[in-house]
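Report on the structure
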Amino acid sequence: MSQKKKMPAGKKHGRKGSSALRQHKRSIVIIYTVLGIMAAMLAVNSVNLYARNKIYKQQEAELKAQIEEQNARSEKVKEYEEYVKTDDYIKDVAEEKLGLVDPNEILFRPEE
């Protein structure tokens, strides 16, 4: 009587078994390659985004500084607007542009 040897479960004998194993290894290598390429692309894009974000933060700081300057200028314009409504402004303009003087004021002119 000839006895056949039993193979352990999960192991195939012959060419078909080794071909499937090779195909499985190839698939794993391809998957890891694709994952590596995707990780590299992600790293490059994150570096680009970081650089772009740095530029945007600089622009934001410049714009905030400009806003502060414009707010200060706006306050000065409001103060000047209030000053223009006063009698002191009218008096200063009359003296400067029209050469008017107060009745009790003595005017000294340089000799020519």
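Since the model is a prediction, treat every value here as computed from it, not as a measurement.

**A closer look at the overall build of the chain**
Across its full length, the chain carries 2 helices and 0 strands. The 112 residues of the chain split such that 1% are buried. With the model as given, the accessible surface of the chain reaches about 11,700 Å², and the carbon-plus-sulfur share is 58%.

**Brief notes about a nonpolar patch on the surface**
On the surface, Ile28, Ile30, Ile31, Tyr32, Val34, Leu35 and Met38 cluster together to form a nonpolar patch covering roughly 710 Å² of accessible area. Looking at where tyrosine 32 falls in the secondary structure, it is placed in helix H1 (residues 15-84).

**As for a negative patch on the surface**
A contiguous patch of negative charge on the surface is contributed by Asp87, Asp88, Asp92, Glu95, Glu96 and Glu105. Its relative accessible area of 62% is what places aspartate 87 among the exposed residues.

**Observations concerning the environment of lysine 91**
Looking at the secondary structure, you find lysine 91 in helix H2 (residues 87-98). Judged by its relative accessible area of 38%, lysine 91 falls in the partly exposed class. Sequence spacing of lysine 91 and aspartate 102 is 11 residues, and the spatial spacing of their C-alpha atoms is 9.1 Å.

**Comments concerning the packing of aromatic side chains**
This structure, assessed with the given rule, holds 3 aromatic pairs. Consider the rings of tyrosine 80 and tyrosine 83, whose centres lie 6.2 Å apart with planes at 45 degrees: the pair is tilted. Of this pair, tyrosine 80 and tyrosine 83 are both found in helix H1, 3 residues apart, which corresponds to roughly one turn of the helix. A relative accessible area of 31% places tyrosine 83 in the partly exposed class. A centroid spacing of 6.2 Å and a plane angle of 85 degrees characterise the contact between tyrosine 80 and tyrosine 89, whose relative ring orientation is edge-to-face. The exposure class of tyrosine 80 is partly exposed, given its relative accessible area of 48%.

**A look at H2**
Helix length check: H2 (12 residues) gives 16 Å between terminal C-alpha atoms against 16 Å at 1.5 Å per residue, within 8%. Burial analysis of H2 places just 1 of its 12 residues in the buried class, a small minority of the element. Positive phi shows up at glycine 99, right after H2, with a value of about 75 degrees.

Here is what the cut-offs are and how they apply
- Residues numbered from 1 in each chain as written.
- Predicted model: local features only at pLDDT ≥ 70, side-chain atom pairs only at ≥ 80, totals over all residues.
- Heavy atoms only, no water.
- Helix = DSSP H or I, 4+ residues; strand = E, 2+ residues; numbered from the N terminus.
- Buried < 20%, exposed > 50% of the residue type's maximum accessible area, 1.4 Å probe, protein only.
- Areas by Shrake-Rupley, 256 points an atom, 1.4 Å probe, with all protein chains shown as cover.
- Patch = residues over 30% accessible without salt bridge, like charges linked within 9 Å, V, L, I, M, F, W, Y side chains within 5 Å.
- Salt bridge = Lys/Arg side-chain N within 4 Å of Asp/Glu carboxyl O.
- Lys, Arg positive; Asp, Glu negative; His and termini not counted.
- Charge placed at Lys NZ, Arg CZ, Asp CG, Glu CD.
- Phe/Tyr/Trp six-rings, centres within 6.5 Å; stacked < 30°, edge-to-face > 60°.
- Expected span 1.5 Å × (residues − 1).

Note that all results are geometric; they support no functional claim without further evidence.
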